[in-house]
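One letter stands for each residue in the lines below.
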Amino acid sequence: MDRRLFMKMFAGLLTISSLPKSLYAKSPIGNQAEFLQALKEKPWLLGYLGTDQLEIRADLRIVSGRVPSELQGYFFRNGPALHNIGPDRFKHWFDAPGMVQKFTFADGVIRFHGRLVGTRRNRTEAQRGNILFSAFGTHGHDLSSGGSADGQNAANINIVRHADDLLALWEGGSAYLINAETLETKGPKVWSPETAGLPFGAHPRFDQDGSMWNIGYSVNPAALILYHISAGGHLLKTHILPQMVTPMIHDFMITESKIVIVAPPYVSSKPKGESFIDKFEWQGAQPTRTLVIDKNNLTKVTDIELDPFWVFHFGNAYDISPTEIGFDFVVYDNPDFMTREAFSVMDGSWDGQDHVKSRYAQAILNLTTKTAVIDHFDDFGPVEFIRTDDRENLTQHKQALMLSRSTHSGVYGFSRLNLYDRQSESNRFFDVSTSEILEEHIMVPKQGHDNQSWIIGTALDWKKGLTNLSVYDGAHLSDGPIVKAELDLALPLGLHGNYVAR
Ligand SMILES: [Fe+2]
């Protein structure tokens, strides 16, 4: 090139960053090659390989037992799925475009249908064959912010049915409407013009009148948003609670009279962070704040400071008296699972060891003394994915279902299913094989039995290279599944799901 022309071109540039991005030699995002190498040595990483399919249909092969005749309906699940896009690989387990999954139970047969959630982010990246937008834990050169929270929306955490809507949920932006028949994405759910595009959490809570409560948290401006949506799907009220700094809040609780928001000291104190998680910092010397809000007066807030802990998920909460609330949850000393392990599964560097222990815990919160008594149940070992029976919602629930593991063989993941009776303090459990990694299991009410449930869930069998689905009779959990069925493919390990009866 002519030197004078070259100098002239350079002189015209204010900064090198204003060169067209297409002129850069783009290096791939993430560590696809490292992961694939690690997968050869640690085949249990199969659950984090991801899929390149945008839509999957398959029948499940029943390998033992029979489907109970009363199970006629749909088990919906959601989770990050497209971990690799072209040469790129997301850096964090929670990043990738979500795939909603539907297991249809019909007359003893189980069918599978999975489909990419068609948010703008997910569609654009799948079409273009590259990671293009910053994500929960991924950032890099020339990734776009997407222009708004929904510009990064992967809709990959949960899927719930409310009113006539099937909603794929993220936590940083809108819920997305899914056609339950075709799994086609209809678009973002707009509750009102004022709340369009605002963060809407992944774990809404359902009230006894069928209405739905939810929270969202906004980093800029720092605020918590409360939503109350009627049983018919109409927005009843919203309320904004301004914050000094925004805590990351994944789940919350309601009781008959209160909303309970537990805010660990993991806060957005670093606004210049590029990925979402980079904006947050664990301030372990600070308390975990618990905000107890009067459902009938959302401005009436009791702020309780507890010794610091981290939490992803709660079981169920209930009023014991006007000034006492009981609940159960999975407690961690800090968010290291999310800030370390959930990265290292994606580049394959994880050694399979837990660096932070999770424990089942039960708590009683006293609003008068502003204290809590928290009992830790160490005997279960590490636990996650706590679920309770919807029929016991907001009452002093008897049962809690959760995953744990009895031994640690250097394979990460849960291999024991527990149904804990909180009244008798007895535990029924079942251990799956050492080559299976359990995903969240849920309780489905058994017809004609007030206290009994079917337990339904999926697992990755990394030795066989496939995903299976099992149904257990909760009353006889230790006997193992009453039906077990296999897909001919390994689905990426996902997050949450729910059953919808037909
Ligand atoms: Fe969750």
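Look a little higher up for the structure.
Residues numbered from 1 in each chain as written. Predicted model: local features only at pLDDT ≥ 70, side-chain atom pairs only at ≥ 80, totals over all residues.

Draft legend 1. Examining the sheet that holds strand β12 (residues 205-206) more closely. The four strands lie next to each other as β12-β13-β14-β15, forming an open sheet whose pairing is antiparallel. The sheet is open, and its two borders are formed by β12 and β15 (235-242), each paired with just one other strand. (Pairing = 2+ DSSP bridges. Helix = DSSP H or I, 4+ residues; strand = E, 2+ residues; numbered from the N terminus.)

Draft legend 2. Structural view of helix α3 (residues 120-128). Every buried residue of α3 is listed here: R121, N122 and E125. End-on, the buried residues of α3 take up no more than an arc of 95 degrees, which puts them together on one face. Turned more than 90 degrees from where α3 packs its buried face, Q127 and R128 sit exposed. Tucked into the core, α3 has its buried residues touching β4 (84-85), β6 (98-106) and β7 (109-116). Among the residues trailing α3, G129 stands out with phi positive, at a value near 75 degrees. (Buried ≥ 20, exposed ≤ 12 C-beta atoms within 10 Å, placed from the backbone. Arc of directions from axis to C-beta. Contact = placed C-beta atoms within 7 Å.)

Draft legend 3. Spatial organisation of unusual backbone geometry. Following N220, the chain continues to P221 via a peptide bond in cis, the omega torsion being 5 degrees. For P221, the location among the structural elements is in the loop between β13 (212-218) and β14 (223-229). Phi at A163 takes a positive value of approximately 50 degrees, unusual for a residue other than glycine. Relative to the helices and strands, A163 is located in the loop between β8 (158-162) and β9 (165-169). Classification of A163 by C-beta neighbours within 10 Å gives partly exposed; the count is 15. Positive phi, normally seen in glycine, also occurs at L183, with a value near 65 degrees. Inspection of the secondary structure puts L183 in the loop between β10 (176-178) and β11 (185-188). C-beta crowding within 10 Å serves as the criterion here: with 23 such atoms nearby, L183 is assigned to the buried category.

These values are about where atoms sit, not about what they do.
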